[in-house]
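Examining the three-dimensional arrangement
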Protein chains: 4
Amino acid sequence: MYHFRNDYSVGCHPAVLEALSAVNAEHVIGYGSDQYCKECADLIRSLCKAPQASVEFMIGGTQTNFTALAAFLRPWESIISPVSGHINGHESGAVEATGHKILAVRTAANGKLTPAHILPIVEECKDPHLTKPRLVYISDATETGGVYTKAELTELSLCCRRNGLLLFLDGARLGCAMASLPNDLTLADIAELTDAFYIGGTKNGAMMGEALVITDPALQGEFFRMKKQHGAVLAKGWLIGVQFQALLKDGLYFQIAQNAVDVAQYLQGGLKNLGIPMMADSPTNQIFPVVPNSLLPHLEKLCTYEVWGKADDTHTVIRFVTSFATPLASADGLLKDIKDLT
Amino acid sequence: MYHFRNDYSVGCHPAVLEALSAVNAEHVIGYGSDQYCKECADLIRSLCKAPQASVEFMIGGTQTNFTALAAFLRPWESIISPVSGHINGHESGAVEATGHKILAVRTAANGKLTPAHILPIVEECKDPHLTKPRLVYISDATETGGVYTKAELTELSLCCRRNGLLLFLDGARLGCAMASLPNDLTLADIAELTDAFYIGGTKNGAMMGEALVITDPALQGEFFRMKKQHGAVLAKGWLIGVQFQALLKDGLYFQIAQNAVDVAQYLQGGLKNLGIPMMADSPTNQIFPVVPNSLLPHLEKLCTYEVWGKADDTHTVIRFVTSFATPLASADGLLKDIKDLT
Amino acid sequence: MYHFRNDYSVGCHPAVLEALSAVNAEHVIGYGSDQYCKECADLIRSLCKAPQASVEFMIGGTQTNFTALAAFLRPWESIISPVSGHINGHESGAVEATGHKILAVRTAANGKLTPAHILPIVEECKDPHLTKPRLVYISDATETGGVYTKAELTELSLCCRRNGLLLFLDGARLGCAMASLPNDLTLADIAELTDAFYIGGTKNGAMMGEALVITDPALQGEFFRMKKQHGAVLAKGWLIGVQFQALLKDGLYFQIAQNAVDVAQYLQGGLKNLGIPMMADSPTNQIFPVVPNSLLPHLEKLCTYEVWGKADDTHTVIRFVTSFATPLASADGLLKDIKDLT
Amino acid sequence: MYHFRNDYSVGCHPAVLEALSAVNAEHVIGYGSDQYCKECADLIRSLCKAPQASVEFMIGGTQTNFTALAAFLRPWESIISPVSGHINGHESGAVEATGHKILAVRTAANGKLTPAHILPIVEECKDPHLTKPRLVYISDATETGGVYTKAELTELSLCCRRNGLLLFLDGARLGCAMASLPNDLTLADIAELTDAFYIGGTKNGAMMGEALVITDPALQGEFFRMKKQHGAVLAKGWLIGVQFQALLKDGLYFQIAQNAVDVAQYLQGGLKNLGIPMMADSPTNQIFPVVPNSLLPHLEKLCTYEVWGKADDTHTVIRFVTSFATPLASADGLLKDIKDLT
């Protein structure tokens, strides 16, 4: 059985487990005020070349999204997001549960936002019977594997700043975005161009945890109280700091993302050689083959995957996802087995 | 240095770490729909003799409290809680952030609620300009080490049922409550007498995690969507199931709670022998010595603890907490060192 | 100057003012528990042939929408609404501020929902990572003058009941909908086919006030506490009961709606005769002429209206609205003046 | 029958009704952007000597309280209020429904707050596991007729400013507070010493309406969107402006408050002469006689009043309230009838 269901289906990278084991018996102060979190926050600030940034260790992605957004916004303010944005579709109304409207905008299949999506909304919402758009939510990579270039993010950032909008980047899959071919962004670029973003741990080697980087000092105040209010303060907070330290101190985070992307790209190329087209080419660790429905019963015996949607009456879009735990051999094996089938 | 600051200052019990390590490389389905969580939920239902109960694995205590309470209540309904209840004092307004008023009632120093606290509130709130009390929140043990007997919990439960009130028991420190001398409650009793309660993992051997048991079937529906909305669904959900399995399958959970209580009681007895009185006797793993202020600078060099409050102009109440990671030798050592000092 | 800006730009119908004056010096019990509200609620139940219904007098439309929806829903439940629904576009995020997501669906220009809009959303939301759709929000008439027939509302109602969805009808302009040519619904039909709806006062002759009719007994409980919580309890509650009594007891409500519709239809016909097309034909008291931009400066001197949007580079959609206070002479005068201009 | 139940049991002062009648047929622009509201806001700014203030016309007291408080606060911020504060006891959890905790503090029977109530809370809440107190809520007059002097309000204001707290004054009964003997505050004083307050209309001669004065410019932004979101924008907004203009332009507001206070004080004096003591002397339009239970059945036939609470086993505290609609003759008549009874 080959595993391509998602990038959060094994525990954690062995180095992370080792780091957690090494500190397991130590007595550490709680709630994230420990030395591990402090050092790791310093490391992240340094990687981001953002000495003014605050770093907040959170437990998961949905929590990071709604806690940050609700902390940054006033009650009458709303969020511009792609229709495909994770906050709009897969978080059970978490953002609305904090009281804020999402102004969802239809994008190209890659799920990326551009100023052309944003400006008409800003214009329409000058009417004070509507909410005031105050924050633009994007993901890098997007849900469908879209990756922002530096030029694109710069343009978006300028558009936001000119229009009084905050720019928030959901980085649940930031590692793989940065390891992908089209990427030319550094962490420092992202820190400069956004007001807040996060470095996803859950989907790139950690047991759990996201590192939220709030680069705009005006947004940092009293964030601890906000985290506490939303259940985002882990009593044993150092457990997240220790994991991110293990991932970031020697570049492991980026190496394992590279592995995930490489294996996914190898698989994508191989499938295309076998005549299986993609819904759209994705440069990241998620790929979206369009397979004949007749293949699905066989595929289910070979590997795990997710059904993404119907392509046409006889074809289905499926999703393969790779992670640090996906060896190249899995891709190779799957390709051979599919070749044998077809 | 002896460690008595709290019961969540080391990683996890070695057996828990071992269990996590054993499954670390396995591919498991996410969001808590895995086999480990299923088996562990069955085990908990069986320990509680409550086959109808649903078991929800949550990440932390604050999150469990506000997610459950908000799931159970309608917008105009409120919560009766002791003033000293964790939801009222130490969760940064998390319950109110979900829209519900806490009707806080002053209790005796042990923090325990009785029908006499509840009935006048029910009476007053018949006025429809007020919120409608719908849920009674208690903790076992309370913040000050109060422990409910079976007679007390039965009386409270009857009072709630007669008055249309749900009874919710915060069990962040349930292990130590049940290991304490005054306790005569079983898990099955608690399941029968409450509508929902939780078995705390964070403060009794787990890295993180609380097992919420919803015994009232009317409260169980769509709880997954509620968890997701409040960031309480861990992507790698099996990590909590695996931990609780390690703790519960052979009674480890109760053994380590017993150790914590025994060491705390030994320390409490020893301190009293040294002429140091308690704010009030506590039968659990938390004790509250009243020490001369002049002792504090010396104590800080010997051990970790928390300042609980001012006793009088020359004395301070401090809190010592024990856990699975507190050897009897620590209590012994501290007692000897204090004896030397005084 | 002719007035066509909206249907809430004069105080109230003279008969309503007279009724308010007649009771002005009386001492009446507050908060809507008075005899006027009771009698008027009985009258409405009788008009609706719905003896089981509760009638709640509210102050305005936005308030009625969010208070009712938030009362009816659990935290994880969401609302299906047309994109053009008032709650989605013109209430400053009021529904989201109570914590609920709106699942907005694009409709035809008439703004009407059909089962075909609803079923795919129900299907998609079986995924528990999404909110659970629980209520369908429609307006009669819609924002663009769409009016439901009995067959359409019946079909929608059946679809809702089969799928566990509540049906809520925003009746801010219900009077004009019912006075329009395509309408074949009675109040009794609407009461039978929906779970709750309201009879709009503000836009049909009252100073302020909407009469919410909750026909489903399961939704009625503790609604007073909910109203109080959301500022919807007028201290001098009888002021709304008295107004609705004046409007409903002898059919004045329906007569003035008929006048508004008749004048609007007369104007629509006249404009079309003058070669001015409509964005779409509307059978109600709102019409949407498409005028050359060059006409606008002249029109501004003749009458009040609202700009609805751009039609093309040289044409603008405007909105004319009539009310009880729009004499046929205004329509006649405006038509003559426009004829003179063109 | 003499009427002493409350100060909102008749429609409105005849001059207010006349003003409403005078504009009834006029076409006016909606949502409070009309000339009447503009002029009346200017008048209020001038009375308050606060040219920088914004004036927001609201519909009722509960709505004003929660809309303003929620607009001013960030999610983790809380409100210090007397236990007897209207927001804490009689608004069905409206403030909590917007997500904010009320830190209720026990006061003397007069319901007034002093710095001594506030400072310990500020101190305790330095712990970031708690909410951050950010606003102090007071009422003038309080629910039990307490009235602030200029010295007291100045001291409170200084305490707030030194501690980063906003000061909000609920003026539902501000007219009677200012007409009372102990008062030495002017509107200009109140505007200077608070960050926001309101001039109550509902309880002093208007049909409905409160005039919220936001003196701190930092709190004014986008308040219209906030009002809209909370149902506080009346479509026919000028109806409130017109009423306040009628009340304020020639001092009618203060004259009718004076009448209410004078009659209440006359009644209080008379009752004391008859040997009926007060729960506490109140200088406003609300008084609190302690009557033998045996008197109640007779009293019910003579006049309307509210039961305030039990005094002892044989006595009850009742409340008499006067308004612009209470002639001195009513007090005289009631005193004579009680004298006859006793």
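Observations concerning the overall build of chain A
A tally of helices and strands in chain A yields 14 helices and 13 strands. The C-alpha atoms of chain A give a radius of gyration of 20 Å, which matches the 20 Å a tight globule of 342 residues would have. Expressed as lengths along the three principal axes of its C-alpha atoms, the size of chain A is roughly 60 × 55 × 35 Å. When burial is assessed residue by residue, chain A has 65% of its 342 residues classed as buried. Relative to all contacts within chain A whose residues are 6 or more apart in sequence, the contacts with residues 24 or more apart total 71%. Carbon and sulfur atoms provide 54% of the accessible area of chain A, an area that totals close to 11500 Å².

Brief notes about the domain arrangement of chain A
All names here are of chain A. For chain A, the assigned domains read domain 1 (2-7 + 253-341) and domain 2 (14-252). Placing a centre on the C-alpha atoms of domain 1 and another on those of domain 2 gives a separation of 27 Å. Across the domain 1 to domain 2 interface the summed buried area is about 2000 Å²; carbon plus sulfur atoms make up 61%. The interface formed by domain 1 and domain 2 contains 1 salt bridge. Here Arg 173 ties to Asp 7 by a salt bridge, and the two come within 2.7 Å at their closest N and O atoms.

Focus on the interface of chain B and chain D
Reports of interface size often rely on the accessible area that becomes lost once the parts have come together. Taken together, the contact between chain B and chain D spans 16 residues of the former and 16 residues of the latter. Approximately 1200 Å² of surface area, both sides summed, lies buried where chain B meets chain D, with 47% of it carried by carbon and sulfur atoms. Looking only at chain B, the three residues that lose the most surface to chain D are Ser 92, Glu 96 and Lys 101 of chain B, adding up to 41% of its buried area. The interface formed by chain B and chain D contains 2 salt bridges.

Quick word on helix 12 (residues 252-273) of chain B
Residues and elements named next belong to chain B. In a regular helix each residue adds 1.5 Å, so 22 residues correspond to 32 Å; helix 12 covers 32 Å between its end C-alpha atoms and thus fits that length. Those residues of helix 12 that sit buried are Leu 252, Tyr 253, Ile 256, Ala 257, Ala 260, Val 261, Val 263, Ala 264, Leu 267, Gln 268, Gly 270 and Leu 271. Count one or two residues on from helix 12 and you reach Gly 275, which has phi positive near 85°.

With respect to the relation of the copies chain B and chain D
Rotating chain B by 180° and moving it 0.0 Å along the rotation axis overlays it on chain D with an RMSD of 0.0 Å. In the structure described here, the two chain copies are related by an operation that fits a two-fold rotation axis. Of all interface residues in chain B, 100% are interface residues in chain D too; the two copies therefore contact each other through one and the same surface.

With respect to the relation of the copies chain B and chain A
For the pair chain B and chain A, the superposition axis carries a translation of 0.0 Å, the fit reaches an RMSD of 0.0 Å, and the rotation angle comes to 180°. Both copies share a contact surface, since 100% of the interface residues of chain B are interface residues in chain A too.

Quick word on the pairing of strand 7 (residues 196-200) of chain B
On a regular strand, each side chain points to the face opposite its neighbour's, so the side chains alternate between the two faces of the sheet. Residues and elements named next belong to chain B. Among the 5 residues of strand 7, 5 are classified as buried, and the element is accordingly described as predominantly covered. Both faces of strand 7 are covered, namely the face carrying Ala 196, Tyr 198 and Gly 200 and the face carrying Phe 197 and Ile 199. The pairing of strand 6 (residues 166-170) with strand 7 spans 2 bridges and is parallel. Across the sheet, the residue bridging to Phe 168 is Ala 196, located in strand 7.

Some thoughts on the sheet that holds strand 5 (residues 132-139) of chain C
All names here are of chain C. Spatial strand order, 2-8-7-6-5-3-4: 7 strands in an open sheet with mixed pairing. Lying at the two open borders of the sheet, with one neighbouring strand each, are strand 2 (54-58) and strand 4 (102-105). Pairs of neighbouring strands in the sheet enclose a mean axial angle of 25°, with direction left out of account. Where strand 5 lies against strand 6 (residues 166-170), 5 bridges are found, and the strand directions are parallel. By the bridge assignment, Ile 138 is partnered in strand 6 with Leu 169.

Re the pairing of strand 3 (residues 77-82) of chain A
Residues and elements named next belong to chain A. Within strand 3, 6 of the 6 residues are buried, which leaves the element mostly enclosed by the surrounding structure. Residues of strand 3 alternate between two faces, with Glu 77, Ile 79 and Ser 81 on one and Ser 78, Ile 80 and Pro 82 on the opposite face, all of them buried. Sheet analysis places strand 3 next to strand 5 (residues 132-139), joined by 4 bridges and oriented parallel. Its bridge partner lying in strand 5, Ile 80 is registered against Val 136. Here strand 3 pairs with strand 4 (residues 102-105) via 4 bridges, running parallel. Residue pairing for strand 4: Ile 80 is matched across the bridge by Leu 103.

Quick notes on the interface of chain B and chain A
Across the contact, 42 residues belong to chain B and 42 residues belong to chain A. At the boundary of chain B with chain A, total buried surface from both sides reaches about 3800 Å², with 59% on carbon and sulfur atoms. Considering only the surface of chain B that becomes buried against chain A, Asn 24, His 27 and Lys 236 of chain B emerge as the three largest contributors, covering 18% of it. At the boundary of chain B and chain A, one finds 0 salt bridges. One can count 22 residue pairs in polar contact (both at pLDDT 80 or more) joining chain B with chain A. Residue assignment for the side of chain B that touches chain A shows that the elements contributing at least two residues are helix 1 (14-23), helix 3 (61-72), helix 5 (94-97), helix 10 (223-229) and helix 11 (238-248) of chain B.

Details of the sheet that holds strand 4 (residues 102-105) of chain B
Hydrogen bonding along the main chain pairs the strands of a sheet, whether they run parallel or antiparallel. All names here are of chain B. The strand order 2-8-7-6-5-3-4 describes an open sheet built from 7 strands, whose pairing is mixed. A single partner strand is all that each edge strand has here, and the edge strands are strand 2 (54-58) and strand 4. When strand polarity is set aside, the average angle formed by the axes of neighbouring strands in this sheet is 25°. For strand 7 and strand 8 (residues 210-214), the ladder comprises 5 bridges, and the chain directions are antiparallel. Counted as the bridge partner of Ala 196 is Ile 214 from strand 8. Taken strand by strand, helix 2 (residues 35-47) contacts strand 2, strand 7 and strand 8, and its axis lies near 125° from that of strand 2. Across the face of the sheet, helix 11 comes into contact with strand 2, strand 7 and strand 8 while running at roughly 110° to strand 2.

A few points about helix 6 (residues 115-124) of chain C
Residue and element names in this part refer to chain C. Taken as a whole, helix 6 has its buried residues at Pro 115, His 117, Ile 118, Ile 121 and Val 122. End-on, the buried residues of helix 6 take up no more than an arc of 150°, which puts them together on one face. Opposite the buried face of helix 6, at more than 90 degrees from it, the exposed residues are Ala 116 and Glu 124. The inward-facing, buried residues of helix 6 contact strand 3 (77-82), strand 4, strand 5 and helix 7 (150-162).

A word on unusual backbone geometry
All names here are of chain A. The amide bond that connects Asp 140 to the next residue, Ala 141, takes the cis arrangement and shows omega of -5°. Here Ala 141 lies in the loop between strand 5 and helix 7 (150-162). In this model, Tyr 31 sits at a positive phi of 65°, which is unusual for a non-glycine residue. Residue position: Tyr 31 is located in the loop between helix 1 (14-23) and helix 2 (35-47). The exposure class assigned to Tyr 31 is partly exposed, which follows from its relative accessible area of 24%. At Ser 92, a position not held by glycine, the phi torsion is positive, near 55°. Structurally, the position occupied by Ser 92 is in the loop between helix 4 (86-89) and helix 5 (94-97).

Some words on the pattern of salt bridges
Inspection of every chain in the model, using the stated rule, returns 48 salt bridges over all chains. Residues Lys 132 of chain D and Glu 222 of chain A are paired through a salt bridge, measuring 3.6 Å at the closest nitrogen-oxygen approach. Of this pair, Lys 132 of chain D sits in strand 5 (residues 132-139) while Glu 222 of chain A is found in the loop between strand 8 (210-214) and helix 10 (223-229), placing the two residues in two different chains. Taking the relative accessible area as the measure of exposure, Glu 222 of chain A reaches 29% and is therefore partly exposed. Taking the shortest distance from any N to any O, the salt bridge between Arg 319 of chain C and Glu 306 of chain C comes out at 3.5 Å. One end of the pair, Arg 319 of chain C, is in strand 13 (residues 315-321); the other, Glu 306 of chain C, is in strand 12 (residues 306-312), and 13 residues separate them in sequence. A relative accessible area of 5% places Arg 319 of chain C in the buried class. Through salt bridges with shared partners, a single ionic network connects Lys 132 of chain A together with Glu 222 and Arg 225 of chain D.

Brief notes about the packing of aromatic side chains
Residues and elements named next belong to chain A. By the definition in use, this model includes 36 aromatic pairs over all chains. Cluster of aromatic residues (ring-pair linked, three or more members): Phe 4, Tyr 305 and Phe 320. Taking the ring centre of Tyr 148 as reference, the NZ or CZ of Lys 112 above it sits at 5.6 Å.

Things to note about the packing of helix 1 of chain A against helix 11 (residues 238-248) of chain A
Residues and elements named next belong to chain A. Here helix 1 crosses helix 11 at 135°, and the two axes come no closer than 9 Å. By the angle between their axes, helix 1 is oblique relative to helix 11. Two packed elements cross with a definite hand, and for helix 1 against helix 11 that hand is right-handed. Residues Ala 15, Val 16, Ala 19, Leu 20 and Val 23 of helix 1 form the contact with helix 11, whose own contacting residues are Trp 238, Leu 239, Val 242, Gln 243, Ala 246 and Leu 247.

Procedures and definitions
- Residues numbered from 1 in each chain as written.
- Chains lettered and ligands numbered in written order.
- Predicted model: local features only at pLDDT ≥ 70, side-chain atom pairs only at ≥ 80, totals over all residues.
- Heavy atoms only, no water.
- Helix = DSSP H or I, 4+ residues; strand = E, 2+ residues; numbered from the N terminus.
- Rg over C-alpha atoms; globule rule 2.2 N^0.38 Å.
- Buried < 20%, exposed > 50% of the residue type's maximum accessible area, 1.4 Å probe, protein only.
- Contact = heavy atoms within 4.5 Å.
- Areas by Shrake-Rupley, 256 points an atom, 1.4 Å probe, with all protein chains shown as cover.
- Domains from an automatic or database assignment.
- Buried area = accessible area lost by both parts, 1.4 Å probe.
- Salt bridge = Lys/Arg side-chain N within 4 Å of Asp/Glu carboxyl O.
- Expected span 1.5 Å × (residues − 1).
- Least-squares fit on C-alpha atoms with pLDDT ≥ 70 in both.
- Pairing = 2+ DSSP bridges.
- Axes fitted to C-alpha atoms, helices over the stretch in contact; angles between N-to-C directions.
- Polar contact = N/O pair within 3.5 Å; in protein donor to acceptor, adjacent residues only side chain to side chain.
- Arc of directions from axis to C-beta.
- Phe/Tyr/Trp six-rings, centres within 6.5 Å; stacked < 30°, edge-to-face > 60°.
- Lys NZ or Arg CZ within 6 Å of the ring centre and 35° of its normal.
- Parallel < 35°, antiparallel > 145°, perpendicular 65-115°, else oblique.
- Left-handed = near helix turned anticlockwise from the far one by under 90°.

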